[in-house]
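# Coordinate inspection notes
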Amino acid sequence: MKQEIKICDECESEYFADSSEMMKLCPECSHYLYGYENCNHVFSNGRCTKCYWNGVSSDYVNGLKSKRWTPISLAELKKLIESAVSKMTTKENKFWNKIAIRPIKWKEIEYGEEGNGFWVVGIFDNKVIWYNEIEEGFNVSTYSNYGEIDEYSAEQDELQWTIKKIKNAPQQGV
Ligand SMILES: [Zn+2]
Ligand SMILES: [Zn+2]
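What counts and how
- Residues numbered from 1 in each chain as written.
- Chains lettered and ligands numbered in written order.
- Predicted model: local features only at pLDDT ≥ 70, side-chain atom pairs only at ≥ 80, totals over all residues.
- Heavy atoms only, no water.
- Helix = DSSP H or I, 4+ residues; strand = E, 2+ residues; numbered from the N terminus.
- Rg over C-alpha atoms; globule rule 2.2 N^0.38 Å.
- Buried < 20%, exposed > 50% of the residue type's maximum accessible area, 1.4 Å probe, protein only.
- Donors = N, O, S within 2.8 Å, 3.2 Å for Na, K, Ca; no water.
- Tetrahedral: all angles 85-135°; square planar, octahedral: opposite > 155°, others 65-115°.
- Pairing = 2+ DSSP bridges.
- Axes fitted to C-alpha atoms, helices over the stretch in contact; angles between N-to-C directions.
- Contact = heavy atoms within 4.5 Å.
- Phe/Tyr/Trp six-rings, centres within 6.5 Å; stacked < 30°, edge-to-face > 60°.
- Parallel < 35°, antiparallel > 145°, perpendicular 65-115°, else oblique.
- Nonpolar A, V, L, I, M, F, W, Y, C, P; charged D, E, K, R; others polar.

### Describing the overall build of the protein
On a plain count of helices and strands, the protein comes out with five helices and eight strands. The linear arrangement of helices and strands in the protein, starting from the amino end, is β-β-α-β-β-α-α-α-β-β-β-β-α. In terms of overall size, the protein is more extended than a compact globule, its C-alpha atoms giving a radius of gyration of 22 Å where 174 residues would be expected to give roughly 16 Å. Dimensions along the principal axes, computed over C-alpha positions, put the protein at roughly 70 × 30 × 30 Å. Buried positions account for 40% of the 174 residues belonging to the protein.

### Details of the coordination of the zinc ion (ligand 1)
Looking at the zinc ion (ligand 1), one finds its protein donor set to be Cys8 (SG), Cys11 (SG), Cys26 (SG) and Cys29 (SG), positioned 2.2 to 2.3 Å from the metal centre. Angles of 104 to 118° at the metal separate the four donor atoms of the zinc ion (ligand 1), which places the site in the tetrahedral class. Expressed as a motif, the donor residue spacing for the zinc ion (ligand 1) is C-x2-C-x14-C-x2-C. You can see Cys11 sitting in the loop between strand S1 (5–7) and strand S2 (14–16) and its partner Cys29 sitting in helix H1 (residues 27–34), a full 18 residues away along the chain. As far as burial versus exposure is concerned, Cys11 and Cys29 are alike and both buried.

### Describing the sheet that holds strand S8 (residues 137–142)
Pairing in this open sheet of four strands is antiparallel, and the strands run S5-S6-S7-S8 from one edge to the other. With partners counted over all chains shown, the strands left at the sheet margins are strand S5 (100–106) and S8, one partner each. The mean angle between the axes of side-by-side strands here comes to 35°, regardless of whether they run parallel or antiparallel. In the sheet, strand S7 (residues 127–132) pairs with S8 via six bridges, with the strands oriented antiparallel. Bridging from a neighbouring strand, Asn132 pairs with Gly137 of S8. The strands touched by helix H4 (residues 90–99) within the sheet are S5, strand S6 (118–124) and S7, with S6 carrying the most contacts at an inclination of about 110°.

### Here's the deal with the coordination of the zinc ion (ligand 2)
Reference values for angles at a metal are 109.5 degrees in the four-donor tetrahedral case and 90 or 180 degrees in the six-donor octahedral case. The zinc ion (ligand 2) binds to the protein through Cys39 (SG), His41 (ND1), Cys48 (SG) and Cys51 (SG); the donor distances cover 2.0 to 2.3 Å. Around the zinc ion (ligand 2), the four donor atoms are arranged such that angles at the metal cover 106 to 116°; this shape is classified as tetrahedral. In terms of primary sequence, the donors binding the zinc ion (ligand 2) are separated according to C-x1-H-x6-C-x2-C.

### Points about the environment of Tyr36
Considering the arrangement of structural elements, one finds Tyr36 in the loop between H1 and strand S3 (43–44). In this structure, Tyr36 is in contact with Glu21, Met22, Ser30 and His31, ignoring residues within four places of it in sequence.

### Observations regarding the packing of aromatic side chains
Applying the stated rule across the entire model yields nine aromatic pairs. Chaining the aromatic ring pairs together yields one cluster made of Trp106, Tyr143 and Tyr146.

### Examining the packing of H4 against helix H5 (residues 159–168)
Contact geometry for H4 and H5: axes closest at 10 Å, N-to-C directions at 95°. When the interaxial angle is binned, H4 and H5 end up roughly perpendicular. Residues Lys91, Glu92, Phe95, Trp96 and Ile99 of H4 pack against Leu159, Gln160, Ile163, Lys164, Ile166 and Lys167 of H5. Per-class residue counts for the contact of H4 with H5 are six nonpolar, one polar and four charged.

Spelled out as structure tokens, the structure:
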């Protein structure tokens, strides 16, 4: 049986009419724009074999994808920390134990609104170590007011790398 092929209004890719729950959008676009179930794409020769999508999203949908993230739970965060601690050297571990705090959410104005802030996991000098769940990595930022991260940053480091960086920074005499 030959499948009916349509053109998606958003990304302008061809797609199999049957594969999408929406009349004029491919499964990919209907997922990101309206929350319909996406196709579990399987690409072969530049096309999904299931929905025939060509894998190229519009700029608008790409923007949605980059902003889409879900806040990490405390339990998940603790697992990340545990795994990092197990990879630290004795020295790094000692330092970590000095600065580690019980994770707490701090405000960050630029990107932190959606997740109700970011988890801060360590404090030293005028700096905090916090988890950026958008980029999935630990970051170091300064703070002026307790409870507020001064600047956003987008490192994708595991915690033990962050600690190593701090330890190796010349101004840090810890
Ligand atoms: Zn589309
Ligand atoms: Zn597909």
